[in-house]
Amino acid sequence: MTRTVTPAADRLEDLPDPLAPLLPSAADADRPWLVWYAPGERVELTGHVLSMWQCKIANLLTTEAHTDDPAAGPLVRLDLGVHWRALTWCGGAWLVGGAVAFTEPAAHAGSSPSPGGVLRPADVSVAFEPAGLSADAQVQVLVPREPLATRWPGTLPPLVLDGVADVMPHADSFPARAVGGATTAMVHYPAQAPGTAVEVSRDALVADLTPPLLVTPGGTGAGGAGRAGGEDRTHAALLGGNGRTGGGARAGTRAVLVRAGAAQEAVRGVLAAWQAGLTAVLISPDADEALVRDAARQEGAEAGKPRR
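Residues numbered from 1 in each chain as written. Predicted model: local features only at pLDDT ≥ 70, side-chain atom pairs only at ≥ 80, totals over all residues. Heavy atoms only, no water.

What follows deals with the overall build of the protein chain. On a plain count of helices and strands, the protein chain comes out with 5 helices and 15 strands. For the protein chain, the proportion of its 308 residues judged to be buried stands at 53%. Within the protein chain, contacts between residues separated by at least 24 positions form 63% of all contacts whose residues are at least 6 apart in sequence. Accessible area for the protein chain stands at about 13,200 Å²; split by element, carbon and sulfur atoms hold 54% of it. (Helix = DSSP H or I, 4+ residues; strand = E, 2+ residues; numbered from the N terminus. Buried < 20%, exposed > 50% of the residue type's maximum accessible area, 1.4 Å probe, protein only. Contact = heavy atoms within 4.5 Å. Areas by Shrake-Rupley, 256 points an atom, 1.4 Å probe, with all protein chains shown as cover.)

Here's what the structure looks like:
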């Protein structure tokens, strides 16, 4: 069964596509847009660097992924978990007018529903491990986890692309494809509704972005209960600073700590930070509370209790 999420009429954006303007561009080189923390890792990416990655990925998708419907962008299945590289593939897919699909139930592995509810294979499958690839995807890509890797470590399986070496030769620029706000941006499978695939349009994704809140790491923010139906929710902590703010952020805020157990919620948290003009500090699910506190200090301030 397929459910399509659309926003209430009074929340629709005036822009035909409200998602593309949230993505970083080559001109955004003046500050970090995304900082990744994991045990033994800290990766800082400016908007310029993120734009370079997403444009190269968009060019690769244009070259390699050919959909049956020329008017439709590719469906890109991501088995990257909560990770900074997942954001680069989301951006690339969205630039070409495509959608990203997150973890499917085992019974539908490799397939994602079309708007008509008929399961179809993903056009592109991207994973950290060979076991995470969808066998029926026309394009398969393995991505190394290491931030400075120049290629996949070891021998790639036959016909599988290298998520760094085969991406880097592509151009650093890509004009975003003009699509409407009703175009699907994301497909995911809620744990509380087995057998149900949820398609989220670009309008709905942007309209549902929650303004960043100050919360105790792992806790609930001011006015912020979890998403309806018990679905996992991103937890964010505002960090003090002097950057520009918007979208509900407090004056003086420059970064937001994003913690999520599911990839789609991490993506929502990062997009909410970018919508507010903030740096997204993305925390690996493997991080302990000591690393979370260190990340908060390093990026501007200690995470504290909810402030109202």
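Taken as a whole, this structure holds 8 salt bridges when the rule is applied. A salt bridge links Arg-268 to Asp-208, with the shortest nitrogen-to-oxygen separation between them at 3.3 Å. Linking Arg-268 in helix 4 (residues 263–275) with Asp-208 in the loop between helix 3 (202–207) and strand 13 (235–240), this pair joins segments that are 60 residues apart in sequence. Take Asp-208: its relative accessible area is 29%, and that puts it in the partly exposed class. (Salt bridge = Lys/Arg side-chain N within 4 Å of Asp/Glu carboxyl O.)

To continue, consider the packing of aromatic side chains. Tallying each qualifying case throughout the model produces 2 aromatic pairs. Relative to Trp-84, the ring of Trp-53 has its centre 6.3 Å away and its plane inclined at 70°; by these criteria the two rings are edge-to-face. Pair noted here: Trp-53 is in helix 1 (residues 47–64) and Trp-84 is in helix 2 (residues 84–95), with a separation of 31 residues, a long-range link. Under the relative-accessibility criterion, Trp-84 is labelled buried at 2%. (Phe/Tyr/Trp six-rings, centres within 6.5 Å; stacked < 30°, edge-to-face > 60°.)

Attention now goes to the packing of helix 2 against helix 4. Packed helix pairs are characterised by how far apart their axes lie and by the angle those axes make with each other. Across the interface, helix 2 lies against helix 4 with an axial gap of 11 Å and an inter-helix angle of 75°. By the criterion of interaxial angle, the relationship of helix 2 to helix 4 is roughly perpendicular. The segment helix 2 lies against helix 4, with Leu-87, Cys-90 and Trp-94 engaging Val-267, Val-270, Leu-271 and Trp-274. Of the residues that constitute the contact of helix 2 with helix 4, the class distribution is 7 nonpolar, no polar and no charged. (Axes fitted to C-alpha atoms, helices over the stretch in contact; angles between N-to-C directions. Parallel < 35°, antiparallel > 145°, perpendicular 65-115°, else oblique. Nonpolar A, V, L, I, M, F, W, Y, C, P; charged D, E, K, R; others polar.)

A few words on the side chain of Ser-201. Residue position: Ser-201 is located in strand 12 (residues 197–201). For Ser-201, a relative accessible area of 5% translates into the label buried.

Our focus in this paragraph is the packing of helix 1 against helix 2. At a minimum axis separation of 7 Å, helix 1 and helix 2 run at an interaxial angle of 55°. Classified by the interaxial angle, the pair formed by helix 1 and helix 2 is oblique. For the element pair helix 1 and helix 2, the recorded crossing hand is right-handed. Residues Leu-50, Trp-53, Gln-54, Cys-55, Ile-57, Ala-58, Leu-60 and Leu-61 of helix 1 form the contact with helix 2, whose own contacting residues are Trp-84, Arg-85, Thr-88, Trp-89, Gly-91, Gly-92, Ala-93 and Leu-95. Here the residues of the contact of helix 1 with helix 2 are counted per class, giving 11 nonpolar, 4 polar and 1 charged. (Left-handed = near helix turned anticlockwise from the far one by under 90°.)

Moving on to the pairing of strand 9 (residues 139–142). Side chains Val-139 and Val-141 of strand 9 all project onto a buried face; the interleaved residues Gln-140 and Leu-142 project onto the opposite face, where all are buried too. Here 4 bridges tie strand 8 (residues 124–127) to strand 9, and the two strands are oriented parallel to one another. Of the residues in strand 9, the one forming a bridge with Ser-125 is Gln-140. The pairing of strand 9 with strand 10 (residues 161–162) spans 2 bridges and is parallel. By the bridge assignment for strand 10, Val-141 is matched with Leu-161. (Pairing = 2+ DSSP bridges.)

Looking now at the environment of Glu-146. Following the sequence through the fold, Glu-146 ends up in the loop between strand 9 and strand 10. We classify Glu-146 as partly exposed; its relative accessible area is 44%.

A separate point is the nonpolar core. Among the nonpolar cores identified, the biggest contains 66 residues, and Leu-34, Trp-89, Trp-94 and Trp-274 are the most heavily contacted of them. With residues near it in sequence (within four places) discarded, Trp-94 still touches Leu-19, Leu-23, Val-100, Ala-185, Met-186, Arg-202, Leu-205, Val-267 and Leu-271. Val-35, Ala-255, Ala-287 and Leu-291 belong to the second-largest nonpolar core, a separate cluster that totals 10 residues. (Core = buried A, V, L, I, M, F, W, Y, C linked by side-chain atoms within 4.5 Å.)

Time to look at helix 4. Helix length check: helix 4 (13 residues) gives 18 Å between terminal C-alpha atoms against 18 Å at 1.5 Å per residue, within 8%. Of all 13 residues in helix 4, 12 are buried; the element is thus mostly enclosed. Three or more residues of helix 4 are buried, namely Ala-263, Gln-264, Glu-265, Ala-266, Val-267, Arg-268, Gly-269, Val-270, Leu-271, Ala-272, Ala-273 and Trp-274. With its phi angle positive at about 75°, Gly-277 sits one or two positions after the end of helix 4. (Expected span 1.5 Å × (residues − 1).)

The subject of this paragraph is unusual backbone geometry. Positive phi values are uncommon outside glycine, yet Leu-159 reaches one of about 70°. With respect to the helices and strands, the residue Leu-159 is situated in the loop between strand 9 and strand 10. The exposed category is assigned to Leu-159, whose relative accessible area is 83%.

What follows covers helix 2. Compared with an ideal rise of 1.5 Å per residue, which puts 12 residues at 16 Å, helix 2 spans 17 Å between its outermost C-alpha atoms and is within 8% of the ideal. Within helix 2, 12 of the 12 residues are buried, which leaves the element mostly enclosed by the surrounding structure. Along helix 2, the residues classified as buried are Trp-84, Arg-85, Ala-86, Leu-87, Thr-88, Trp-89, Cys-90, Gly-91, Gly-92, Ala-93, Trp-94 and Leu-95. Of the residues trailing helix 2, Gly-97 is marked for its positive phi of about 85°.

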